[in-house]
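One letter stands for each residue in the lines below.
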Amino acid sequence: MTWSIIARDPATGQFGIAVATRFFAVGARVPYIAAGLGAIATQAFVNPYYGIDGVKLLREGLNAHDVLAALLATDDGRESRQIHIMDASGAIAAHTGRDCVAWCGHVAGSGFSIAGNMLAGSDVLSETAKTYIASDSLPFPRRLLAAMRAGEAAGGDKRGKQSAALLIHGEEEWPALDIRADDHPDPLGELERLDQVSHELWVHFRNSMPTRQNSAGNTDRSVIDASIAAARARQT
């Protein structure tokens, strides 16, 4: 009942997942990222443990194919599930169960994986992929959203639209960006708006947050204020 893209930004190494559906709060159910190690999207009849346990397995050093095999082996409902995984090496593994609702399937390319079910047709994935490839000049969040917009224009979820989400992680366990539209008439449009809002304060504050390498982060408000002022000056 969903389509999603998993990608890794070649410029920053960030993993990102964008997802959209005609269902409530898709961001709470589909995307999972292990910082620096890989990303997982669990969809169709969602099994949250594909994400929860899959992230643990990535952290233990398993590759995408071994993670997928381990998850499917423990689930008697696997034929109603769809899942795709990308690991840190760029390897991709995907499963679409035979009981998933048509149109359903998966496509992959260099640095990205796209999967969907209950879609208007295969063009949803092919247009998502085509636009992702063509939009490499855009910032990573906008590139992911542009790709999803193209899939939506090709028909998207054949029932309509309701929710969408964008999750991006860099090296830290906390997300670089985590935005959701849980119940909205234009969920991808709302994500585009929220991404713009994130540049007002969040992207500047984010650089001062604690990291594993710097447990204190930066608590000098003047540094954050200077970054915000510089950004605003560039916009004028």
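Look above for the structure.
What comes next is a walk through the structure.

The rules behind these values
- Residues numbered from 1 in each chain as written.
- Predicted model: local features only at pLDDT ≥ 70, side-chain atom pairs only at ≥ 80, totals over all residues.
- Heavy atoms only, no water.
- Helix = DSSP H or I, 4+ residues; strand = E, 2+ residues; numbered from the N terminus.
- Polar contact = N/O pair within 3.5 Å; in protein donor to acceptor, adjacent residues only side chain to side chain.
- Contact = heavy atoms within 4.5 Å.
- Phe/Tyr/Trp six-rings, centres within 6.5 Å; stacked < 30°, edge-to-face > 60°.
- Buried < 20%, exposed > 50% of the residue type's maximum accessible area, 1.4 Å probe, protein only.
- Axes fitted to C-alpha atoms, helices over the stretch in contact; angles between N-to-C directions.
- Parallel < 35°, antiparallel > 145°, perpendicular 65-115°, else oblique.
- Left-handed = near helix turned anticlockwise from the far one by under 90°.
- Nonpolar A, V, L, I, M, F, W, Y, C, P; charged D, E, K, R; others polar.
- Salt bridge = Lys/Arg side-chain N within 4 Å of Asp/Glu carboxyl O.
- Pairing = 2+ DSSP bridges.

**Points about the side chain of Ser 113**
Here Ser 113 shows up in strand β8 (residues 112-117). For Ser 113, the side chain forms a polar contact with the side chain of His 84, separated by 2.7 Å. Setting aside residues no more than four positions away along its own chain, Ser 113 makes contact with Ser 4, Ile 5, Ile 6, His 84, Met 86, Ile 92, His 106, Val 107 and Ala 108.

**Digging into the packing of aromatic side chains**
In this description, an aromatic ring pair is defined by two values, namely the gap between the centres and the angle between the planes. Here the structure, examined in full by the defined rule, presents 2 aromatic pairs. Both rings, one in Trp 202 and one in Phe 205, keep their centres 6.4 Å apart while their planes meet at 45°; by these two values the pair is tilted. With Trp 202 and Phe 205 both in helix α6 (residues 202-206) and 3 residues apart, this pair spans about one turn of that helix. Under the relative-accessibility criterion, Trp 202 is labelled partly exposed at 26%.

**With respect to the packing of helix α4 (residues 140-153) against helix α5 (residues 187-198)**
At a minimum axis distance of 10 Å, the contact between α4 and α5 shows a crossing angle of 165°. With respect to their mutual orientation, α4 and α5 come out roughly antiparallel. For the element pair α4 and α5, the recorded crossing hand is left-handed. Packed against α4, whose contacting residues are Pro 141, Arg 142, Leu 145, Met 148, Arg 149 and Glu 152, the element α5 presents Leu 188, Gly 189, Leu 191, Glu 192 and Asp 195 at the interface. Split into classes, the residues belonging to the contact of α4 with α5 amount to 5 nonpolar, 1 polar and 5 charged.

**Topic: the pattern of salt bridges**
Close approach of charged atoms lets side chains of opposite charge pair. Applying the stated rule across the entire model yields 13 salt bridges. Where Glu 152 meets Lys 161, a salt bridge forms, and the shortest distance between an N and an O atom there is 3.9 Å. Under the relative-accessibility criterion, Glu 152 is labelled buried at 18%. By relative accessible area, Lys 161 is classed as partly exposed at 38%. Arg 159 is the partner of Asp 157 in a salt bridge, and the nearest nitrogen-oxygen pair spans 2.6 Å. A relative accessible area of 34% means that Arg 159 is categorised as partly exposed. In this structure, a network of salt bridges that share partners links the residues Arg 149, Glu 152, Lys 161, Asp 186 and Glu 192.

**Structural notes on the pairing of strand β10 (residues 177-181)**
Of the two faces of β10, only one is covered, namely that formed by Leu 177, Ile 179 and Ala 181; the face formed by Asp 178 and Arg 180 stays uncovered. Relative to β10, strand β9 (residues 163-169) runs antiparallel, the two being bridged by 5 bridges. Looking at the pairing, Ile 168 lines up with Leu 177 of β10.

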